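Tertiary structure, described
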Amino acid sequence: MLLSVFVALGLWSCIISALPSCPTKPPSLLDTSIAELGALLEAGDFTSRDLVQLYIQRVGEVNDDLHAVIEVNPDALRLARELDRERADGKTRGPLHGIPILVKDNYATVDAMLTGSGSVCLARAIPTTEATVIAKLREAGAIILGKLNLSEFAGVRGLNAIAGWSPRGGQTFGAYVKHQTACGSSSGSGAAASVGLAAGTLGTDTSGSITCPAMYNNAVGVKPTVGLTSRFGVVPVTLRQDTAGPITQTVRDAAILLEAMASKDPNDNYTSAQPWDSPPRFATGLSTSGLEGARIGVVWTGQDLPISAHQVNIDQIKPVFDRAVADLKTAGAEVIDVNLDTMNQTLFEIALKFRNNVLVYMAADLNPAMEGYLKNVKQSKHGALHNVSDVLQCLRSDPKELASVYSLSDWENAAQTNITADSLEAWNAYDTVLTLSRNAILGPIKEHGLDALVMLPDLALLVGAAPGFPIVTVPMGVLGPEAETVRNGNVTITTGPGIPLGLSFTADNWSDQKLIQYAYAYEQGSQRRRELTPVIKPKSDLRSIIHRRSGRGDL
């Protein structure tokens, strides 16, 4: 039975030839792909039930340190047994059959788990309809293993809230430096994916909430074009920018998940803008030669990055970025140095203008979006939630919400605004941000005839949010020992030695497939994720279930 393990992981030729370059360690969930797990399941080396048990054990080993997982699905083992029976009967639904996935706590699930977007108030409102992407993952055979921590309400709280904190999950940390930030808002998604607490995770992104956690957790994050994946059943912020996407260890794994998630949905009219009858097969045709002949614009700015904690270490980041550019060239890309078209404004001026206008339309958008979400929940006897004002009242009164510690200014602004989502004032605010953002990215692309841009994630999330542009972020390296350590309120380390760094690919809407191809070629050529080892990681691993299952000699 062990023979099938080695064949599935491509290790058999290493054994028979005793090549010195072959791996000597047993396979680990720190770097085993979804495809490799599927091959091992298909070979009978272990079952999905074995795999679920192993992941649950791994969560238990590190969650007191990382606070990545809020709750584990009590039905996960039963679901795994059912999918094992399907496999035994010769029915396999696809690459996600029997594969455990963790999802952010803002995805509505109709099961034994709660959905709170990190809030104890919202968790009392029980969804009556599942999020569309959750239903699609179940249909593809994935096992929803549990709910992941996040910045409460995906960052809709107040200016002094700490990224990765919520009343339901506490404070999430990254695994590479003790007490490092996992960023937000998909903090648990990034941390869990990086150390292998599931085969992949789902995050959401409104303004960097997939891109930033991917960077800080040495992971791959795909922020899809807004409208590529349905947001129905996802606790909203603003439908103009909200999007649902994967965070994984590899680009191919992210592509597999995105294939299962993407679709048109009558419950989300943004998906009707998709320029095809059915979305592309994102995992098909991925190649190490995917960058050959591609014209890639490289954006490096000497200006301050006003929203980046890494600004203090920008001189230490530059050589890591330059090495990434060299990797792109080695992979066959034609690299052109370009500047964002900022319309004669500094990044600081742009960031300030973004903030002032985003506050206007986000407050206006939150009201109808939350009302829409709350129409599909079973109300609690402890107090019904129908709108923003109801949620705010609970946030103020429930001591677990720590209203005296963390500001509720975002909710207060939304409750008090007299601007409606469809008003001229809201649209003018959005148009100001949209015009600046689109011009910044599409200007150099059109001027130089480029296929895509690469830049630091800190910059990509700033200019890519409002227009809903896709962003694919991959590991780029690590901050060295000379880096200065900075803390956020003595709670998390936001920059310093050992913190992972990322590289972001972006372009116009609906270029997701092309960006994934470029990111895959860069990832395979550079292998930067493998340069880092988490200081917090589970002890239990695949060797325990492979040996146990093969020792029995049966399924």
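Attention in this report is confined to the structure presented alongside it. (Residues numbered from 1 in each chain as written. Predicted model: local features only at pLDDT ≥ 70, side-chain atom pairs only at ≥ 80, totals over all residues. Heavy atoms only, no water.)

So, about the overall build of the protein. In terms of helices and strands, the protein carries 17 helices and 17 strands. Expressed along its principal axes, the backbone C-alpha trace of the protein runs to roughly 70 × 60 × 50 Å. The burial tally for the protein puts 61% of its 555 residues in the buried class. Sequence-distant contacts in the protein: of pairs separated by 6 or more residues, those separated by 24 or more amount to 78%. For the protein, the accessible area works out to roughly 20,900 Å², and carbon and sulfur atoms hold 51% of it. The protein carries 47 positive and 56 negative side-chain charges, and their two centres are separated by 5 Å. (Helix = DSSP H or I, 4+ residues; strand = E, 2+ residues; numbered from the N terminus. Buried < 20%, exposed > 50% of the residue type's maximum accessible area, 1.4 Å probe, protein only. Contact = heavy atoms within 4.5 Å. Areas by Shrake-Rupley, 256 points an atom, 1.4 Å probe, with all protein chains shown as cover. Lys, Arg positive; Asp, Glu negative; His and termini not counted. Charge placed at Lys NZ, Arg CZ, Asp CG, Glu CD.)

Take unusual backbone geometry next. That bond from Gly184 to Ser185 is cis: its omega, 5°, falls within 30 degrees of zero. As for its position among the elements, Ser185 is in the loop between strand 6 (170–171) and helix 7 (187–194). Positive phi outside glycine occurs at Phe153, with the angle close to 55°. Of the residues examined, Phe153 reaches a relative accessible area of 3% and is grouped as buried. Unlike most non-glycine residues, Met343 shows phi in positive territory, near 55°.

Okay, the sheet that holds strand 13 (residues 452–455) next. Whenever strands of a sheet pair, they do so through backbone hydrogen bonds, lying parallel or antiparallel. Within the open sheet, the eleven strands sit side by side as 1-4-2-7-9-8-14-17-13-10-11. Their pairing is mixed. With one partner strand each, in any of the chains shown, strand 1 (69–72) and strand 11 (334–338) form the two edges of the open sheet. Each strand of the sheet is rotated relative to its neighbour by a mean of 30°, with strand direction disregarded. (Pairing = 2+ DSSP bridges. Axes fitted to C-alpha atoms, helices over the stretch in contact; angles between N-to-C directions.)

Take the state of the cysteines next. Per the stated rule, a full pass over the model turns up two disulfides. Each sulfur in the disulfide pair Cys121 and Cys394 lies 2.1 Å from the other. On the sign convention where negative is left-handed, the bridge of Cys121 and Cys394, at about -90° about the S-S bond, is left-handed. Taken together, the residues span a long stretch of sequence, with Cys121 in the loop between strand 2 (100–104) and strand 3 (126–127) and Cys394 in helix 12 (residues 388–397) at a distance of 273 residues. (Disulfide = S-S within 2.5 Å.)

Let's shift gears to the packing of helix 12 against helix 13 (residues 409–416). Contact geometry of helix 12 with helix 13 gives a least axis separation of 9 Å together with a crossing angle of 145°. Between helix 12 and helix 13 lies a crossing whose hand is left-handed. Along the contact surface, helix 12 presents Val388, Ser389, Val391, Leu392, Leu395 and Arg396, while helix 13 presents Trp411, Glu412, Ala414 and Ala415. A class-by-class count of the residues in the contact of helix 12 with helix 13 yields seven nonpolar, one polar and two charged. (Left-handed = near helix turned anticlockwise from the far one by under 90°. Nonpolar A, V, L, I, M, F, W, Y, C, P; charged D, E, K, R; others polar.)

Time to look at the packing of aromatic side chains. A complete count under the given rule lists seven aromatic pairs for this structure. Between Trp165 and Tyr406, the ring centres sit 4.5 Å apart and the planes meet at 45°, which makes this aromatic pair tilted. Within this pair, whereas Trp165 is found in strand 5 (residues 165–166), its partner Tyr406 is found in the loop between helix 12 and helix 13, the two being separated by 241 residues in sequence. Overall, the relative accessible area of 10% leaves Trp165 in the buried class. Here Trp427 and Tyr430 contribute two aromatic rings whose centre-to-centre distance is 5.9 Å and whose plane-to-plane angle is 70°, an arrangement assigned as edge-to-face. On the criterion of helical spacing, the pair formed by Trp427 and Tyr430 is a turn pair, its members being three residues apart in helix 14 (residues 424–448). Exposure remark for Trp427: the relative accessible area of 43% places this residue in the partly exposed category. Overall, Tyr430 belongs to the buried group, its relative accessible area being 10%. Connected via pairs of aromatic rings, a cluster forms that spans Tyr361, Trp427 and Tyr430. Looking at Arg240, its charged tip hangs above the ring of Tyr430, at a distance of 5.2 Å from the centre. (Phe/Tyr/Trp six-rings, centres within 6.5 Å; stacked < 30°, edge-to-face > 60°. Lys NZ or Arg CZ within 6 Å of the ring centre and 35° of its normal.)

Here we come to the pairing of strand 10 (residues 295–299). Within strand 10, four of the five residues are buried, leaving the element largely enclosed by the surrounding structure. For strand 10 and strand 11, the ladder comprises five bridges, and the chain directions are parallel. Opposite Val298, over in strand 11, you have Asp337 as the bridge partner.

With that out of the way, let us pick up the environment of His448. Mapped onto the fold, His448 is located in helix 14. On the accessibility criterion, His448 (28% relative accessible area) is partly exposed. Separated by 69 residues in sequence, His448 and Gln379 place their C-alpha atoms 54 Å apart.

We now examine the packing of helix 11 (residues 347–374) against helix 13. The interhelical angle for the contact between helix 11 and helix 13, taken along N-to-C directions, is 80°, at an axis separation of 8 Å. With respect to helix 13, the axis of helix 11 lies roughly perpendicular. Contacts from Ala363, Leu366, Asn367 and Met370 of helix 11 reach helix 13 at Trp411, Asn413 and Ala414. Here the contact of helix 11 with helix 13 is built from residues that sort into five nonpolar, two polar and no charged. (Parallel < 35°, antiparallel > 145°, perpendicular 65-115°, else oblique.)

Of all hydrophobic cores here, the largest spans 142 residues; its most connected members are Leu96, Tyr107, Leu291 and Phe505. In this structure Leu291 touches Ile296, Leu328, Ala331, Gly332, Ala333, Tyr518, Ala521 and Tyr522, once residues within four positions along its chain are discounted. Within the second largest apolar cluster, 24 residues are counted, among which are Val235, Ala363, Tyr373 and Cys394. (Core = buried A, V, L, I, M, F, W, Y, C linked by side-chain atoms within 4.5 Å.)

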